[in-house]
Amino acid sequence: MSHNITRLFDFAYHQLANNPQEKCFNTKVDNQWISTSTKSYIEQANTISRALLRLGIKPNDKIAVVTTTNRVEWSILDIAILQIGAINVPLYPTISSTDYQYIINHSDAVLCFVSDRILAKKVSKIKDKTQLKDIYSFDKVKNISTWKSLLELGKDTSNQAEVEKFKKAVSPSKLATIIYTSGTTGIPKGVMLSHKNIVENTFVSAKALDFEPRNYKVLSYLPICHIFERFALYYYQFIGFEIYYAESIDKLGDNLKEVQPHFIPVVPRLLEKIYDKIVDKGSNLKGIKHLLFFWSLNLGKNYKPYNENGWWYHFQLKIAQKLVFSKWREALGGNIKFLVSGSAPLQPLLIKVFTAAGIPVFEGYGMTETSPGISINDFRNGGFKIGTVGRVLDNIEVKIASDGEILVKGSNIMLGYHKEEELTNNTIISGYLHTGDIGILDNDGFLKITGRKKEMFKTSGGKYIAPAVLECKLKESRFIEQVMVIGESEKMPAAIIQPHFEFLIEWIKRKQLKINISSFEDIISNKKVIKRIGEEIVFANSFFGNWEKIKDFELTSDIWSIENDLLTPTMKLKRKSIIQKYNHLYFKIYKKQP
């Protein structure tokens, strides 16, 4: 590893000195990929740094940044902010104006950068209720200061010596960023991470990922404000990847085929959607093609690594890979070496099927508070075990507390929560971060997550339920898109379910049922639909202990989304919001009065 990288902006300068790229960043403009070289990237970053200093920005000033899609300006601005000792405060584009007001005030941000007109409008609404001096937009927006004006302001190089002075003064232990967690349970917390936190975690993660420095291609599409994608961009710069920005989530499939990347990080929800689309297409095949597809799929479901299934299984798998799974790989561009999944628990079924298809999925574990990596799976040295989140990364210590909570210690542990000293002291005790996750370390050193401490609950019979584990199994059903297990202090666990309407409508057509498919309300109230989903629950229950079995369920006609505040920006369940919205279903299940 390179010893001259100790601050986050050093990654770019390291690339310039050792492996400069002509296509460092690539953006689609008017149907053409426009490249930004490493040299141009750094030149523009210095231009913006000079402009920020001329605006009166000082070391330790906080600057909020929010973009609808990932783009090169974000990375340029990131370096420009960090190398003058200021602090980058990234925001999610999907949150409300009220949330912007809270985070901007709580972080003491003095400037806010937005990508476009819609975000400019959201932030402008609350600007007068904050200490913001100005709002700048990457796109040209009427009555909003522009990115172009900053490039003009920074053209004069006469204060570059001042930039260099500030850059030299930035220590590795200095606060680099405050990342506000998406908040599944309450008000967002500002996680303070230093340069050292993320830099050293990037190094140990790079060692755990099986890539050598060379011109691989990657597609950047996960929200850059999330630590998973943020860390990934630093890693890409360190290794020397060509980074391509996806146009949008909707165009991700097209961009994968165009760019043909060698690697992308994924979150479980995305992989679930990809899988569902593939299986839906397979269901519409006819004759021998239909039989071959599901023969291959069933082979994939029984996958075990390291030839554990024997030669006959792998002989059949080679046939399946050639006839069926090769088309899956083509849909992802044809060059994917492996995927890394993080952010939330991933169904083991998906790991088996995609890995059998020649698209290995390495599940890892991390948190914003750990910069982010804690552990990851890897094919090398027997380091791949399905159902676990892999072995712990180098120089990180994990131990399991007496109550099963995972405790983590290392240079990746956050500095603390911004303006929350008591919460920080209750979270980091004797150098160990209390993650809030429950898990075990097996005899081979693999970490397994068995639940979330705050989400686990007791039934009235005194039995503990880990809802995330049950939800993961239930979501293996093609009929179920989202599910939340309930039952705290009740006699039995139950579930509130958002059906997979796209698949359900196909099933209704196939069965020629007389149901008005234009009305989700009509679909979920149909007795045959309820009965069929009930059969899926019965099947999933066969994998649960008697005390865990789902005894009742209710369906919702809404699509759970970020927009209706039922999912976080990283697609996790907002449990409190779901319970509040579907309180009437809760009362119906447990036969209580509202």
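Presented here is an overview of the structure given in this document. All of these numbers come straight from a predicted model, not from anything done at the bench.

As enumerated under the stated definition, the model contains 40 aromatic pairs in all. When the centroid spacing of 6.0 Å and the interplanar angle of 70° are considered together, the rings of Phe-11 and Phe-238 count as edge-to-face. Here the residue Phe-11 occupies a position in helix H1 (residues 10-18), and Phe-238 occupies one in helix H9 (residues 227-239), the gap between them amounting to 227 residues. Taking relative accessible area as the criterion, Phe-238 reaches 13% and is therefore assigned buried. Geometrically, the ring pair formed by Phe-479 and Phe-503 is edge-to-face, given 4.9 Å between the ring centres and 85° between the ring planes.

What follows covers the packing of helix H13 (residues 311-331) against helix H14 (residues 348-356). Contact pair H13 / H14: the axes reach a minimum separation of 9 Å and the direction vectors enclose 90°. On the basis of the axis angle, H13 is roughly perpendicular to H14. Of H14, the residues touching H13 (which contributes Tyr-313, Leu-317, Gln-321, Phe-325 and Trp-328) are Val-353, Phe-354 and Ala-356. Looking at side-chain class alone, the contact of H13 with H14 contains 7 nonpolar, 1 polar and no charged residues.

The end-to-end C-alpha distance of H13 is 28 Å, a good match for the 30 Å that 21 residues give at a rise of 1.5 Å each. Considered for burial, the residues of H13 that qualify are Tyr-313, His-314, Gln-316, Leu-317, Ala-320, Val-324, Phe-325, Ser-326 and Trp-328. Where H13 is buried, its residues contact helix H11 (268-283), helix H12 (287-301) and H14. After H13 finishes, the residue Gly-333 shows a positive phi value of roughly 105°.

Here strand S25 (residues 480-486) lies mainly inside the structure; 7 of its 7 residues are buried. Here S25 pairs with strand S26 (residues 494-499) via 6 bridges, running antiparallel. The residue bridging Met-484 from the neighbouring strand is Ile-496, located in S26.

Here we come to empty space enclosed by the protein. All told, the structure shown has 4 cavities of 30 Å³ or more when counted by the stated rule. Within this model, the largest cavity holds a volume of roughly 80 Å³. Forming the walls of the largest cavity are Arg-269, Glu-272, Tyr-275, Asp-276, Gln-347, Leu-350, Lys-475, Glu-476, Ser-477, Arg-478, Ile-480 and Glu-481. Where the lining of the largest cavity is concerned, the elements lending two or more residues are H11 and S25. The element contributing the most residues to the lining of the largest cavity is H11, with 4 residues.

Conventions we followed
Residues numbered from 1 in each chain as written. Predicted model: local features only at pLDDT ≥ 70, side-chain atom pairs only at ≥ 80, totals over all residues. Heavy atoms only, no water. Phe/Tyr/Trp six-rings, centres within 6.5 Å; stacked < 30°, edge-to-face > 60°. Helix = DSSP H or I, 4+ residues; strand = E, 2+ residues; numbered from the N terminus. Buried < 20%, exposed > 50% of the residue type's maximum accessible area, 1.4 Å probe, protein only. Axes fitted to C-alpha atoms, helices over the stretch in contact; angles between N-to-C directions. Parallel < 35°, antiparallel > 145°, perpendicular 65-115°, else oblique. Contact = heavy atoms within 4.5 Å. Nonpolar A, V, L, I, M, F, W, Y, C, P; charged D, E, K, R; others polar. Expected span 1.5 Å × (residues − 1). Pairing = 2+ DSSP bridges. 1 Å grid on protein atoms, 1.4 Å probe; cavity = no way out; pocket = protein on both sides within 12 Å on 5 of 7 lines; lining within 4 Å. Points joined across faces, edges and corners; volume = space filled by probe spheres on them.

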